[in-house]
Amino acid sequence: MNDKYLRDIILNFIIAGKDTSANTLSWFFYMLCKNPLIQEKIAEEVRDISSREVEDEYVDDFVTNITEATLDQMHYLHAALTETLRLYPAVPIDGRCAMEDDILPDGHKVRKGDGVYYMAYAMGRMSKLWGEDAHCFRPERWLHNGVFRPESPFKFVAFHAGPRICLGKDFAYRQMKIVSIAVLRHFRLKLVDDAKAVNYRTMFTLQMKEGLHLYAVPRTIM
Ligand code: HEM
């Protein structure tokens, strides 16, 4: 390993890991504002689990004391983040170029040089895949007896699938869970203008057009 190799790895992690996780958190907080009961359910899970282990008054101490075991117990939060990625996949379209003539599993022929794309955004909203309520934000669809149950990565494609599946998937969940726990333990989120439509910007990653404008109200004064 030399400095250039190390630089490229670090750059790769920053490019692959920054906007993806940040955008997902924006969509996640947006979904929580649109679904206040779900927001409260997550806040309750955060309170239940964290109060057993960490009772720190200060956000910094609170975050420092979040353990791996705490994160592993947050099944509802994990489900809600996954549900966000189903509806708002950070990489909405992805694809590959065929290196040689090939036949896809469903019989489609591709020729060397052909581009093959899949739309994670559309797939996450297909009733054929997710049922009639595909358009609803429902974290419960990922839970069985309160425990998170993953779907095949070929159905839930937000992290891609196969040998080139996202390398940072577990890291991303950990990072997003820590931020969510810290925010929801201390604040209740509310949109500045509930009637204002939020849309996406067509980019390589699924950015929120004009950003997310919300109030973070301290839970102690509610
Ligand atoms: C919500 C967060 C994330 C999502 C939705 C996501 C999604 C994806 C997707 C769809 C790919 C496949 C891209 C392609 O090959 O065409 C990918 C690859 C990759 N991701 Fe992520 N990612 C996330 C966070 C992260 C983080 C935090 C890191 C690193 C710290 C990371 C590192 C990587 C790397 C290194 C690859 C390339 C893997 C390979 O080609 O073998 N990702 N990610």
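Note that the structure is predicted; figures quoted are calculated from it, not measured.

**Q** Would you mind showing me how to read the UniProt feature "binding site: heme" (unreviewed entry) in the protein here?
**A** Cross-referencing UniProt, the feature "binding site: heme" (unreviewed entry) maps to Cys166 in the present numbering. By secondary structure assignment, the location of Cys166 is in the loop between strand S6 (147–148) and helix H8 (169–186). Classification of Cys166 by relative accessible area gives partly exposed; the value is 33%.

**Q** What should I look at first to understand the pattern of salt bridges in this one?
**A** Between side chains of opposite charge, a pair can form as their charged atoms come close. Tallying each qualifying case throughout the model produces 15 salt bridges. Between Asp19 and Lys18 there is a salt bridge, with its nearest N and O atoms 3.0 Å apart. For Asp19, a relative accessible area of 28% puts it in the partly exposed group. If you follow the salt bridges from partner to partner, you end up with Glu83, Arg86, Asp133, Arg138 and Arg141 in one network.

**Q** Help me understand the environment of Val179, please; the structure alone is not making it clear to me.
**A** For Val179, the location among the structural elements is in helix H8. Note on Val179: relative accessible area 35%, which makes it partly exposed. Separated by 154 residues in the primary sequence, Val179 and Leu25 place their C-alpha atoms 8.5 Å from one another. For Val179, the contacting residues outside a window of four places in its chain are Leu25 and Phe29.

Cut-offs used in this document
Residues numbered from 1 in each chain as written. Predicted model: local features only at pLDDT ≥ 70, side-chain atom pairs only at ≥ 80, totals over all residues. Heavy atoms only, no water. UniProt positions renumbered as here; feature names shortened; annotations may be inferred. Helix = DSSP H or I, 4+ residues; strand = E, 2+ residues; numbered from the N terminus. Buried < 20%, exposed > 50% of the residue type's maximum accessible area, 1.4 Å probe, protein only. Salt bridge = Lys/Arg side-chain N within 4 Å of Asp/Glu carboxyl O. Contact = heavy atoms within 4.5 Å.

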